[in-house]
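Report on the structure
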Amino acid sequence: MPNKKSAERRMRSSARKQLVNKSVKSLLKTREKKFLDSLKAGKSEDAQVALSAAVSALDKAAKKGVIHWAKADRKKSRLSLRLASATAPTL
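Description of the structure in this document. (Residues numbered from 1 in each chain as written. Predicted model: local features only at pLDDT ≥ 70, side-chain atom pairs only at ≥ 80, totals over all residues. Heavy atoms only, no water.)

Remarks on a positive patch on the surface
- Where like charges cluster on the molecular surface, the positive patch consists of Lys-5, Arg-9, Arg-10, Arg-12, Arg-16 and Lys-17.
- Of note, Arg-16 is situated in helix H1 (residues 5-40). (Patch = residues over 30% accessible without salt bridge, like charges linked within 9 Å, V, L, I, M, F, W, Y side chains within 5 Å. Areas by Shrake-Rupley, 256 points an atom, 1.4 Å probe, with all protein chains shown as cover. Salt bridge = Lys/Arg side-chain N within 4 Å of Asp/Glu carboxyl O. Lys, Arg positive; Asp, Glu negative; His and termini not counted. Charge placed at Lys NZ, Arg CZ, Asp CG, Glu CD. Helix = DSSP H or I, 4+ residues; strand = E, 2+ residues; numbered from the N terminus.)

Structure, rendered in structure tokens:
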């Protein structure tokens, strides 16, 4: 238990931020999973839509400071590469 008033306020503030960050991270995982599921099913149009939603969510999370900007960039790059390799024509 905190002994000072400022520490009590900081604890309440941290708890609120933790809930928001948890929900944003959960949304990121959901969007990524939806993209991967549509990619696995072979639905390239749905995968493209899901990718744009995932990229948007990653950008917003990085902007808010929930995740690091480099992590967002890395995930966007890897997801884009997966889509490109899945939709590339076979020779």
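From this point, things continue past the structure.
Regarding the side chain of Lys-76
- Here Lys-76 is to be found in helix H3 (residues 69-87).
- Looking at Lys-76, the relative accessible area reads 17%, which means it is buried.
- The residues contacting Lys-76, other than those within four sequence positions of it, are Val-55, Leu-58 and Asp-59. (Buried < 20%, exposed > 50% of the residue type's maximum accessible area, 1.4 Å probe, protein only. Contact = heavy atoms within 4.5 Å.)

Considerations on the nonpolar core
- One finds Leu-28, Phe-35, Leu-58, Ala-61, Ile-67, Leu-79 and Leu-83 to be the most contacted residues of the largest nonpolar core, which totals 17 residues.
- Contributions of two or more residues to this core are made by H1, helix H2 (44-64) and H3.
- At eight residues, the largest contribution of residues to this core is made by H2.
- Excluding residues that lie within four positions of it along the chain, Leu-58 makes contacts with Leu-28, Ile-67, Ala-72, Lys-75, Lys-76 and Leu-79. (Core = buried A, V, L, I, M, F, W, Y, C linked by side-chain atoms within 4.5 Å.)

Here's the deal with the pattern of salt bridges
- Within this structure, the stated rule accounts for three salt bridges.
- Residues Glu-32 and Lys-75 are paired through a salt bridge, measuring 3.1 Å at the closest nitrogen-oxygen approach. Separated by 43 residues along the polypeptide, Glu-32 in helix H1 and Lys-75 in helix H3 bring together distant segments of the chain.
- The class of Glu-32 is partly exposed, set by a relative accessible area of 22%.

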